[in-house]
Every structure is written in C-alpha cells, then in structure tokens.
Amino acid sequence: MDKKLIRIILSSLIFLVGVILQIKIWWVNLIIFLAAYFIVSFKIIIKAFKNIMRCKFFDENLLMLIASIGAFCINEYAEGVLVILLYSIGEYLQSKALKKSRNAISMLMKMKPSYANLKIGNEIKITEPSKVEIGNVLIIKKGEKIPIDCIVTKGESFLDISSLTGESMPKNVKIGDEILSGSINLGEMIEVKTIRKFEDSAISKILSLIENSNQKKSNTEKFITKFAKYYTPIVFMLAVVVAFIPPLILGFSNTFSTWLYRALVFLVVSCPCALVISIPLSFFGGIGTASKYGILIKGSEYIEKLAKVNKIIFDKTGTLTKGMFKIKKVVSLSDVTEEEILRISSILESFSDHPISKAFDKTIIFDKSQVVNYKENIGYGISAEIRNVRYYLGSNKFMEKNKIKSYDIKEKLGTVLYLSKQKRIIGYIIIGDELKDNIKIALKNIYEQNINELVMITGDNFEIAHSIANEIGISKIYANQLPEDKLKNLEKEMKDKKSVVAYVGDGVNDVPVLVRSDIGISMGNIGSDSAIEFSDVVIANDDILSIATGIKIARKTIKIAKQNIIFSLCVKIIAIILSTMGILNMWLAIFADVGVTFLAILNSLRLIKRMNNTQ
Amino acid sequence: MKVIFKIEGLDCPVCASELDNELLKIKEIETVKCDFLTQKVTIETKNSVDLDDFFKICLKRVKKFDSDIKLVKE
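Residues numbered from 1 in each chain as written. Chains lettered and ligands numbered in written order. Predicted model: local features only at pLDDT ≥ 70, side-chain atom pairs only at ≥ 80, totals over all residues. Heavy atoms only, no water.

**Student:** What exactly am I supposed to notice about the overall build of chain B here?
**Tutor:** Summing up its helical and strand segments, chain B has two helices and four strands in all. Seen in sequence order, chain B has helices and strands lined up from the N terminus as β-α-β-β-α-β. Its C-alpha atoms give chain B a radius of gyration of 11 Å, within 12% of the compact-globule value 11 Å for 74 residues. With the C-alpha coordinates of chain B rotated into their principal frame, the extents come out at 30 × 20 × 20 Å. Within chain B, buried positions represent 45% of all 74 residues. Contacts in chain B between residues far apart in sequence, at least 24 positions, make up 61% of those at least 6 positions apart. (Helix = DSSP H or I, 4+ residues; strand = E, 2+ residues; numbered from the N terminus. Rg over C-alpha atoms; globule rule 2.2 N^0.38 Å. Buried < 20%, exposed > 50% of the residue type's maximum accessible area, 1.4 Å probe, protein only. Contact = heavy atoms within 4.5 Å.)

In structure tokens form, the structure reads like this:
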C-alpha cells in the first residue's frame with residue numbers, strides 16, 4: 001500500500017475520532033484536528049511554499065491551503081480538515097484513474113522490443129536492439145517478438161503481425177521473405193539477417209510516430225490550455241470580490257465571515273483540472289485505439305480533421321486497385337496465333353523489371369542464345385531480336401517512336417500493349433489491374449458515415465477509370481491525370497469552404513497531393529519514409545475498410561471530448577452560482593471539482609472499452 | 001542530441017509545462033517537453049552530453065521541483 005494512501009487513511013481516522021468525540025476542551029479538539037490536518041497536508045504545504053518562492057500564486061495547493069486555513073480561522077476545524085482530506089483523496093483517485101487509462105492505452109500501443117538474440121559464431125548473445133548492426137544474424141524463438149526488420153535465412157514459420165497492421169490472420173514466412181519488427185513469431189525458431197537498424201525498423205517508426213503524436217495539438221486542446229490560463233486568475237479575482245464587496249455594502253461585522261467562506265468555496269472551484277487532464281487524455285485514447293487497428297494518426301489535430309471529413313478523393317492504382325497487373329486479353333491482328341503473341345511477349349518481358357512485366361510468366365522456357373539486343377525504353381516499351389527478327393512491345397506511343405504504324409484502341413479493361421514483328425503490328429495484349437477485395441463494403445461503410453462525396457483520380461485513361469468507378473459506385477472521376485493535374489484538381493475540390501477533403505493514396509508517388517489535402521491518408525507502406533513523413537494518417541494494414549473505421553474512431557473521440565468539456569463547465573458554473581448563494585459547502589465544492597475530473601477521466605476510458613467490445 | 005527520460009508521478013499538464021520551464025534553466029538544454037500522458041520527457045541538448053552526468057543534473061532539478069516526481073533513465 002503506498003504512502004499516500006496510508007496518510008489519507010490515518011488522517012481520516014483521526015478526523016473521525018475528532019468528529020465523533022466532539023471534545024469540549026477547545027485546545028484538545030484543535031490538536032486532534034490539526035494532527036489530522038498536517039498528516040495529510042504536509043506535502044501540500046511544502047509544494048505550496050515552493051511555488052510561492054517561484055511567485056506562482058495561483059497554484060492549486062496554495063488555494064486549498066488558504067481555503068482550509070480560512071476554515072480553521074472561522075473556527076470550523078472539522079471543515080478545514082475535511083477540505084484538505086477530500087482534496088487529497090480526490091487527487092489520489094485522479095492519479096489512479098489516470099494511471100489506469102495510461103495503461104489501457106499503452107496496451108493498445110505496442111511495446112518496444114527490449115532485446116535481440118544476436119548470433120555470433122555458434123553463440124547467442126542477448127543484446128540491446130539499438131546495438132545490432134545491419135547484416136547481423138539473429139535468432140527468433142517461438143513466442144518472441146521480432147526486434148528489427150530482417151530477412152529469413154533459416155527456417156519457416158508464421159507470424160502474428162497484428163501490432164503492425166491490426167491484422168489477426170497469421171502470416172506465413174519462409175527463407176527470403178522480409179519480415180518487419182513488431183511481429184511475433186508464432187511458430188518454430190527462425191534465423192534471420194537484419195536489413196535495417198533498430199531505429200529505422202517498422203516498430204520504432206510506429207512507436208515514435210505515436211509518441212510524437214502529442215506534439216500536434218488539436219484546436220480543442222489549444223483552446224483548453226488558453227482557457228485554463230485565464231480561468232484560474234479570473235475566478236481568484238472573483239473570489240476576492242465576493243469576499244470583500246458584499247460585506248462593504250452590507251456592513252462588515254456580521255457578514256464578513258459568511259462572505260469569506262463563500263469566497264473560499266470559490267477558490268476551491270477555481271481549478272480547471274477536469275478540463276486540462278481529461279481532454280488530452282481523450283485524444284490520446286483516440287490515437288491509441290486507432291493504432292490498435294493499424295491506423296496510425298499522427299496527432300490530435302488530425303483526429304479533429306478526420307472527424308470533420310466530408311469528401312474523400314481516392315487515387316486509383318495501388319489504393320483502390322491491388323497495383324498488381326494481370327493479362328486480361330490477348331488479341332491477334334494477323335495470322336500469328338494468340339498463344340504465339342503471348343509467348344513472344346513473355347520472352348521479351350522476362351528481361352524487364354517494370355511492374356507491368358510481372359503480369360507475364362517469368363518462368364517461360366526459351367533458348368536465351370536466340371535473343372539479342374534487348375532494349376528498354378522505360379514507360380514506353382521494350383524490344384529485342386528473337387532469331388534475328390526484331391520485335392517491339394509497348395504502348396502506341398512506343399510504336400510511333402519507332403516509326404511503326406499503330407492503332408489507338410480505347411480499352412476499358414486496361415492498358416494496351418502492342419506487339420509488332422519488324423515494323424508491323426501483329427496483335428495486342430491488354431494488361432489490367434484488379435480491384436482490392438473489400439472495396440464495395442469499404443465504400444458502403446464510408447457512405448454510412450454520411451460522407452457522400454467520393455472522387456476517383458487516376459493517371460489511367462478515361463475508359464478504365466469509368467468502368468472501375470461504375471463497378472464500385474463512385475460518380476466523380478478525374479482521368480488521364482499527370483501529377484500536376486492531380487494537385488490542381490485537388491485544389492479545385494477543396495475550394496468550397498465547407499469541404500474537408502481527405503486524399504487517399506500510396507504515400508510514395510503523390511506526396512504533393514497528400515500534403516496539400518486537409519487530411520492525407522497513405523495506404524500500407526509502413527516501410528516507406530516518405531509515406532510516414534508526408535501523410536497525416538498511415539493505414540498500416542493497407543485495408544480500405546480502415547478508412548471508415550478511422551473516421552468512426554475520430555468522431556467518437558471528439559464526442560467524448562465534447563461531453564467532458566460540457567460536463568466540466570456546467571458543474572463549475574453551477575458550483576460558482578451555488579457558492580455565491582451560500583448553498584454550496586466547501587467540501588461539496590471539492591467533491592464537485594475532483595469528482596468531475598475523476599468522471600471525465602473515466603469517460604475518456606469509455607472509448608477504449610467500446611472499441612474493444614465491437615472487435 | 002536528443003535525450004528521452006521516463007517520468008513518473010506527473011499527473012497534470014499544468015505541472016508538466018512548469019517543469020518544462022524549470023528544466024530549461026539547465027544550460028545544456030535547448031528544448032524540453034514533458035508529456036504527462038506518455039510519461040516521457042523529450043530533451044534536445046545544445047551539444048552532446050554524457051548521459052549519466054546529464055541524468056544526474058536533471059534528476060536533481062526535478063527532485064527540487066517536486067519530490068513526488070520520479071525521473072527514470074530508460
């Protein structure tokens with residue numbers, strides 16, 4: 001049992017003794033109550049004294065002391081002790097409630113890995129993660145957390161990646177796979193080689209993002225801080241007014257002690273604790289809750305904005321679609337068969353690293369000695385000579401560049417790659433991207449949050465954009481966008497003063513748009529520095545469903561913060577009015593002050609509890 | 001250089017900003033931010049410092065400010 005609690009209990013007991021016995025000898029009575037008083041208050045007296053030395057006169061401790069000493073002066077010994085006792089109990093309970101909230105929130109945010117099993121030769125040395133170098137070999141045993149981003153070098157296992165993405169399905173990993181720090185090894189022991197330093201690893205970035213999220217204060221918090229600065233001195237001055245003006249008007253002798261008492265109650269009410277503690281706590285809870293779902297919000301400022309979003313602009317490739325290209329159709333425009341067209345194209349693409357090449361069969365078997373003079377014109381196309389015949393594969397612009405007469409086929413299925421033999425086009429292949437799995441449900445959830453204005457923006461052609469938009473239910477499209485077009489159109493969408501616009505992209509190729517929008521949301525890419533640096537919200541699990549979840553959490557957080565503000569202010573105002581009218585007792589006032597803070601803190605915990613239940 | 005300590009017993013944001021002002025009086029400190037929610041003190045020092053010595057200096061200041069607040073090296 002901690003010292004504070006012991007002091008409180010001891011003091012309470014002595015207080016009760018004094019109240020029950022009601023000794024008529026005044027100085028014995030006084031000693032009993034003074035004893036009770038000093039046991040619980042000596043630390044408060046020291047603090048108040050220190051603050052006076054620093055010229056801090058509006059300190060809570062001092063005010064409580066003045067109030068309670070004032071009570072002693074008008075011979076209300078019991079009341080004086082009760083004031084300081086209730087204040088101490090209140091502070092104690094507040095501290096406990098705050099501790100509980102902090103713990104609840106920290107459990108949501110994942111803990112820093114505290115050690116790494118470094119393999120040197122055949123020995124394993126337990127090392128601090130920050131001391132591990134790139135290329136070091138580590139052992140990860142069953143149940144252990146991966147401390148640093150690495151690649152599997154021995155063994156196979158499956159991981160719990162929920163601390164990174166909120167994803168509860170285990171992820172299988174084998175030799176050669178990259179695994180991010182923060183995941184937990186659920187299977188048998190694996191040996192890995194580190195690819196980054198500890199401070200550059202995923203979990204460190206996520207943790208530092210969350211810890212620094214307190215820097216970006218919301219407007220609400222800024223207002224509360226300003227309010228608190230003015231509130232206490234103003235109430236103090238009002239207390240002085242209440243203490244001296246009415247007696248001056250009504251005659252000093254009989255009314256001074258009454259009004260002094262009321263002024264003292266005023267002092268008790270003058271602490272804005274409930275507001276300054278519970279509001280930051282609610283936002284902190286919001287950020288922590290969101291992080292549990294793999295949604296990393298960089299500051300309470302962004303929670304406020306996220307709650308207000310009424311328009312969302314989606315980038316297409318990589319955000320709405322998987323960003324993985326597939327062959328949709330092969331068409332012959334000559335006597336060459338489709339199979340042959342596909343085969344020749346696959347041979348050519350096997351030399352390329354371009355994302356589009358991934359759609360082709362990289363394992364195709366052919367005689368490499370027959371293929372020479374491979375050339376790639378990045379973004380346009382590739383060509384090579386197969387058995388002394390030159391082939392070109394690429395967009396119609398590529399064909400034009402190589403002086404090949406081309407078509408301009410508008411395909412809604414995807415991008416068209418023409419294949420030409422020598423200088424004649426013999427056919428084409430359509431490469432398309434796939435929609436992500438949960439898009440329709442995700443958009444439905446967003447509509448349910450009363451966000452009706454959804455926009456799609458893409459560099460692809462209008463036909464592709466239109467067909468996808470129709471399929472998923474987005475009515476506004478900007479197609480054929482170059483990067484500068486995207487920025488221009490974003491600003492156009494943001495022109496309406498009532499619009500709060502969120503932009504959702506991959507965080508790598510659309511930095512200017514992310515930065516310019518009211519809320520920049522990047523999907524996945526927790527490894528990418530630019531995504532973390534330039535976006536306001538990072539959805540680590542790359543799941544479109546998280547957008548609606550994030551907005552829901554933000555709105556609940558704001559709701560709870562508002563409840564706390566209204567509740568605290570109302571109770572304070574009522575307390576001030578009642579104390580002026582003489583209805584409010586001093587200890588009731590403390591109860592109101594501290595009780596309100598305690599309740600406000602508990603209210604902030606509600607968010608975490610509720611989100612736990614819906615999971 | 002950036003130094004982070006853990007701080008326990010800080011329950012009020014008003015106290016946190018007062019502690020900020022108090023710690024700023026230490027000459028090696030450029031900026032300081034005490035956070036009562038994450039229970040961390042983030043300090044940016046003007047030059048690099050010896051961690052143990054610096055911790056002792058900060059610890060003394062904090063104790064003088066409020067004996068109930070504990071500073072812990074991470």
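Next comes the rest of the write-up.
**Student:** What is the right way to look at the overall build of chain A in this model?
**Tutor:** When you go through chain A residue by residue, the secondary structure sums to 20 helices and 22 strands. The C-alpha atoms of chain A give a radius of gyration of 34 Å, which is well past the 25 Å a tight globule of 615 residues would have. Overall size of chain A, expressed as C-alpha extent along the three principal axes, is 120 × 65 × 40 Å. Going through the 615 residues of chain A one by one, you find that 50% of them count as buried. As presented, chain A carries roughly 29,500 Å² of accessible surface, and 60% of it is formed by carbon and sulfur atoms. Taken as two groups, the 80 positive and 60 negative side-chain charges of chain A have centres that lie 6 Å from each other. (Areas by Shrake-Rupley, 256 points an atom, 1.4 Å probe, with all protein chains shown as cover. Lys, Arg positive; Asp, Glu negative; His and termini not counted. Charge placed at Lys NZ, Arg CZ, Asp CG, Glu CD.)

**Student:** Looking at this structure, how should I read the pattern of salt bridges?
**Tutor:** A full pass over the atoms with the stated rule returns 28 salt bridges over all chains. Of the charged contacts in the structure, one is a salt bridge between D11(B) and R102(A), with a shortest N-O distance of 3.4 Å. Taken together, the residues span two chains, with D11(B) in the loop between β1 (2-8) and α1 (13-24) and R102(A) in helix α4 (residues 77-108). On the basis of relative accessible area, D11(B) is assigned to the partly exposed category, the value being 21%. (Salt bridge = Lys/Arg side-chain N within 4 Å of Asp/Glu carboxyl O.)

**Student:** Any chance you could explain the interface of chain A and chain B here in plain terms?
**Tutor:** Much of the literature gives interface size as the accessible area that the parts lose upon coming together. Opposite the 17 residues of chain A that make contact, chain B presents 19 residues. When chain A packs against chain B, close to 1,700 Å² is buried across both sides, 49% of that on carbon and sulfur atoms. When residues of chain A are sorted by the area they lose upon contact with chain B, R54(A), R102(A) and E211(A) head the list and together hold 29% of the total. The interface formed by chain A and chain B includes four salt bridges. D68(B) serves as the salt-bridge partner of K43(A), at 2.9 Å between the closest nitrogen and oxygen. (Buried area = accessible area lost by both parts, 1.4 Å probe.)

**Student:** Just checking my understanding: could you explain helix α6 (residues 202-211) of chain A for this structure?
**Tutor:** A turn of α-helix holds 3.6 residues, and therefore any two residues three or four places apart point the same way. Most of α6(A) sits inside the fold, with eight of its 10 residues counted as buried. Along α6(A), the residues classified as buried are A202(A), I203(A), S204(A), K205(A), I206(A), L207(A), L209(A) and I210(A).

**Student:** What am I meant to see in the sheet that holds strand β11 (residues 311-315) of chain A here?
**Tutor:** Across a sheet, paired strands are connected by hydrogen bonds in the backbone, their directions being either parallel or antiparallel. All names here are of chain A. Spatial ordering of the open sheet is given by β10-β22-β21-β20-β11-β18-β19, a layout of seven strands whose pairing is mixed. The strands lining the two open edges of the sheet, one partner per strand, are β10 (295-297) and β19 (476-478). Neighbour-to-neighbour, the strand axes of the sheet open up by a mean angle of 20°, direction not taken into account. In terms of strand pairing, β11 meets strand β18 (residues 453-457) through five bridges, oriented parallel. (Pairing = 2+ DSSP bridges. Axes fitted to C-alpha atoms, helices over the stretch in contact; angles between N-to-C directions.)

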